[in-house]
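# Observations on chain architecture
Next come the chains, spelled out residue by residue.
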Amino acid sequence: MQAYLDCRRNKRSSRSALAFELNLERNLMQLHTELKTGTYRPGTSICFVVTHPKPREVWAADFRDRIVHHFLYNHIGPRIERSFIADSCACIKGRGTLYAVQRLEAKVRSITQNWQRPTHYLKCDLANFFVAIDKRVLQQQLAARIEQPAWLALALLILMHDPRENYALHSTPRLLNRVPQHKRLTAQPAHLGLPIGNLSSQFFANVYLDALDQFVKHQLRCKHYVRYVDDFVLLHESPQQLNAWHKQIEAFLADRLHAHLNPSKTIQQPVDRGIDFVGQVIRPWHRTTRSRTVKHALRRIATVPAANLRETANSYFGLLTQSTHSHTDRRKLAKAVMLRGKAVNAALTKTFKGAA
């Protein structure tokens, strides 16, 4: 029941959720029986394409399967996450984008002695991360962490399930073709890739990359390191040391995780030039929202339907407020909102239902 309540949060109006709720008690009891007897099997997934910030496949499991994902996570997730380093962020309670950027900013201030000493950073990104995850490696990692046979069997059932065997496509083939072939789960061999969009995939991805976190912290002994999903940053006074770590990380990823860095997104430069991380740019003594994000927000406000304007605008106001220096960006957003006939408060942090 708790897994069901967790699952329906913000999803209650979806078609599969409504269908499940029509006979809620019967469906929950049937699902419980299938899990208890070992007869549970995942159902049909929905595949669709999102275009922002770039085209990619998203796979939505059936509502009853998402309940099982929450059920599994509620029982094994917190214990496993306690073994993660504090610098592992994303899809962990209390460790979202704001936590990640604030932690990185604190590390920059520490190593530079509040921006008084020159320091360099190495920022890396894994190539085609979710569709390139080797499930055979992840299978071994889960087996080493989950002691109870029943929970391990359920975790492996979810992990090894191939949604491509039973899915409905809810995007046009033309839109699907906008996703590059090397970023499509449908183009990967069976042992590669996790479906983007499921809680289980987010949790499994953190388990998968915990090996990298432990390697960087305990073998490379990098004190200043933060990771958010597959984006991670290392700090050091010496660019030569960062070059050496870069080569060691590449070798570790290829050997242990069968993964590779994206060379086009590998950046090494002085921290004074700014670190673009999780949508914000850390500069000396201040953080700002990435300019691309601000431009997208202004375009959205100008085109979003009037019925959705307030919630969209307030969402962007909340995002911009996370930066330490956001007044200029919030003023631009407020102007765009008022041009649409909405009122904005004096602090430029939210809009209202009424007209300006």
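Refer to the structure above for everything that follows.
The following paragraphs examine the structure supplied in this document. (Residues numbered from 1 in each chain as written. Predicted model: local features only at pLDDT ≥ 70, side-chain atom pairs only at ≥ 80, totals over all residues. Heavy atoms only, no water.)

Turning our eyes to something else, we now look at the sheet that holds strand S2 (residues 56–60). The sheet built from three strands is open, its strands ordered S2-S1-S5 with mixed pairing. Looking along the sheet, the strands with just one partner apiece sit at the ends: S2 and strand S5 (167–169). The sheet shows a mean angle of 30 degrees between the axes of neighbouring strands, direction not considered. Pairing analysis gives three bridges linking strand S1 (residues 45–50) to S5, with the strands arranged parallel. Of the residues in S5, the one forming a bridge with Ser 45 is Tyr 167. (Pairing = 2+ DSSP bridges. Helix = DSSP H or I, 4+ residues; strand = E, 2+ residues; numbered from the N terminus. Axes fitted to C-alpha atoms, helices over the stretch in contact; angles between N-to-C directions.)

Sheet topology places strand S10 (residues 280–283) next to strand S11 (residues 286–289); four bridges connect them, and they run antiparallel. From the neighbouring strand, Gln 280 faces S11, where its bridge partner is Thr 289. Between the antiparallel neighbours S10 and S11 lie two residues, among them Trp 285 with a positive phi of about 70 degrees.

A word on the pattern of salt bridges. For the structure on display, the rule yields 14 salt bridges. Here Arg 184 ties to Glu 57 by a salt bridge, and the two come within 3.7 Å at their closest N and O atoms. You can see Arg 184 sitting in the loop between helix H9 (173–176) and helix H10 (199–219) and its partner Glu 57 sitting in strand S2, a full 127 residues away along the chain. The burial state of Arg 184 is the same as that of Glu 57; both residues are buried. If you follow the salt bridges from partner to partner, you end up with Asp 87, Arg 103, Lys 107 and Lys 217 in one network. (Salt bridge = Lys/Arg side-chain N within 4 Å of Asp/Glu carboxyl O. Buried < 20%, exposed > 50% of the residue type's maximum accessible area, 1.4 Å probe, protein only.)

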